[in-house]
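Below are the chains, spelled out letter by letter.
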Amino acid sequence: MNEITRDVVIVGAGAAGLTAANELKRAGLSVAVLEARDRVGGRLWTDVIDGAMLEIGGQWISPDQEALTETIAELGLQTFSRHRDGDSVYIGPDGTLSRFTGDVFPVAPETERVIAEITERLDAMVAEIDPDRPWAHEKAAQWDTISWDAWLRSQTDDDEAVRNLAFATGSAMLTKPTHAFSLLQSLLMAASAGSYSNLVDADFILDKRVVGGLQQVPLLLAERLGDDVFLGQPVRTIEHTDTGVTAIAEGMTVRARYAVLALAPNLYDRISYVPPMPRLRHQLHQHLSMGFVVKVHAVYDRPFWRDQGLSGTAFSPYELSHEAYDNTNHGDERGTLVGFVSDRNADDVFRVSAQERKERILESLSHYFGPEAKNPIVYYESDWGSEEWTRGAYAASFDLGGLHRYGADLREPVGPIHFAASDLAGAGYQHVDGAIRMGRLAAANIVAEARA
Ligand code: FDA
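Residues numbered from 1 in each chain as written. Predicted model: local features only at pLDDT ≥ 70, side-chain atom pairs only at ≥ 80, totals over all residues. Heavy atoms only, no water.

*Asks:* Before we go on, may I ask you to explain helix α7 (residues 183-191) in this structure?
*Replies:* Helical geometry note: an α-helix holds 3.6 residues per turn, so side chains three or four residues apart project in the same direction. In terms of burial, α7 is largely enclosed, as nine of its nine residues are buried. Buried residues of α7: L183, L184, Q185, S186, L187, L188, M189, A190 and A191, and no others. Capping the start of α7, S182 holds a side-chain oxygen 3.3 Å from the backbone nitrogen of L184, two or three residues further along. (Buried < 20%, exposed > 50% of the residue type's maximum accessible area, 1.4 Å probe, protein only. Helix = DSSP H or I, 4+ residues; strand = E, 2+ residues; numbered from the N terminus. Polar contact = N/O pair within 3.5 Å; in protein donor to acceptor, adjacent residues only side chain to side chain.)

*Asks:* It is not clear to me how the sheet that holds strand β20 (residues 335-342) should be interpreted in this structure. Could you clarify?
*Replies:* Hydrogen bonds between backbone atoms are what pair the strands of a sheet, whose relative direction is either parallel or antiparallel. Spatially, the seven strands line up as an open sheet ordered β8-β7-β18-β19-β20-β17-β21, and their pairing is mixed. Of all strands in the sheet, those with a lone pairing partner are β8 (97-100) and β21 (378-382), marking the two edges. Ignoring strand direction, the axes of neighbouring strands in this sheet form an average angle of 20°. Two strands pair when backbone bridges link them, and strand β7 (residues 87-91) and β8 are joined in this way by four bridges, in the antiparallel orientation. From the neighbouring strand, V89 faces β8, where its bridge partner is R99. Packed onto the sheet, helix α13 (residues 354-369) meets β7, β8, β17 (293-300), β18 (310-315), β19 (323-326), β20 and β21 and runs at close to 110° relative to β21. (Pairing = 2+ DSSP bridges. Axes fitted to C-alpha atoms, helices over the stretch in contact; angles between N-to-C directions. Contact = heavy atoms within 4.5 Å.)

*Asks:* Just checking my understanding: could you explain the site of the ligand for this structure?
*Replies:* What surrounds the ligand is a group of 36 residues, the closest being E35, R37, R43, W60 and S422. Within the backbone of Q59, one N or O atom sits 3.1 Å away from an oxygen atom of the ligand. Considering the ligand on its own, with 1000 Å² of exposed area, one finds that the protein chains cover 98% of that surface. Looking at the shell around the ligand, the elements with two or more residues in it are α1 (15-26) and α15 (432-451). Its residues assigned to classes, the shell around the ligand shows 22 nonpolar, 11 polar and three charged. (Near = heavy atom within 4 Å. Areas by Shrake-Rupley, 256 points an atom, 1.4 Å probe, with all protein chains shown as cover. Nonpolar A, V, L, I, M, F, W, Y, C, P; charged D, E, K, R; others polar.)

*Asks:* How should unusual backbone geometry be read in this particular structure?
*Replies:* As a rule of thumb, non-glycine residues mostly have phi less than zero, and peptide bonds are mostly trans rather than cis. Residue P275 follows V274 across a cis peptide bond; omega there is -5°. On the secondary structure map, P275 appears in the loop between β15 (272-274) and α11 (279-286). With an omega of 0°, the peptide bond running from A393 to Y394 counts as cis. Position of Y394 among the secondary structure elements: in the loop between β21 and β22 (396-398). A positive phi is found at T175, a non-glycine position, where the angle reads about 50°. A relative accessible area of 1% means that T175 is categorised as buried.

Set out below in structure tokens:
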């Protein structure tokens, strides 16, 4: 068994772990990054499928995501804007398709008024929330013990308004049914992007992409670490005392003064801790779970929807693919649509055969873009639910009541063991930006401790 000694062992080579490792190295500490998979990047994965480059995981960057923007600039990567010229489409409860521009869905005037009023209310509540400490709000307990769905339904009887308001933090972000998480969790999601209005503004939240793919961020960060990154090394056991840790992976052991657990929090309990984690940690971990969304890629020989004056942006809380976008690669003649099938719908489509799933999903895309959508030259489903080292998408969130109960302990180290993942972030929560912020924070805390 290969045994090495370092100042810090980092478990997980996603954006958080690789950021932490680079920061620690820059501060003069030696590191080893142990990664379970045979590649770096975790939930960032750019691959070529049947000749088409696809962003299987995370891809978009919004203008408020300063940590990610800085990293992209520092690594010398170029960005490009999502194609958004033309009309967006919306499908209402009776299946009627309407074209629109801007971020206000073409619903009946009364529904539009209700949506605008509740959005204003939500923006005011979000403005009171510190995304790094949502549990500190005086109404945290109250807002964390009512579900997002129940709160919305207490504001209006207009079902279409509820579905459209629910969607921004529900199917589109936390990817759990709206009865499964709290109003506070929803406010955190919005606060992490600056406001509820920002979150529903696709032009803001899904603004730019990286030319050549966002996985280049972890790939280039890993390159800087050279031989300090070890692939195919799932960590099974962490032994720890007040003064050090031993991380035991399948093929090697690392002895270090500190550890950074940079894996998605739903996977913490796959590692055995000797001695066991404190009682509160055992409990906390059990209340964090992954959402689930299938990201669907359909590549066509040309972006045919643009001929019809469509932008490729589409929404409907009544459709299997509740949202879709033009996801054509930079400089590509072919056109790519990306659609998303979330939570209960995602469960359902995996109960049928692959062929039927594909047909159902393409049928849904054709409701937005016409029959041509049914015949892509490349079709691919990103299914993170079946990935052993992720087990869902996009990220983990607390169950009802968990955020105010355990949130304050989320980022607290356990002796020499520190935590970093996008799922623990305030600003940039569930996004790559948050992963980088959490990697920086864990590194800064370790550097401060090491120098004390
Ligand atoms: P991440 O999960 O990436 O890394 C953890 C690493 O730990 C993994 O490499 C894993 O293999 C490893 N690991 C786990 N257990 C281990 C063990 N026991 N031993 C060793 N290694 C272990 N974000 C965004 O900003 N814009 C977007 O457009 C999107 N879109 C999007 C789409 C899809 C389909 C997904 C799945 C995700 C997104 N996201 C996103 C979210 C974003 O990709 C995500 O939040 C970050 O990449 C997470 O980075 P982390 O480093 O925190 O975890």
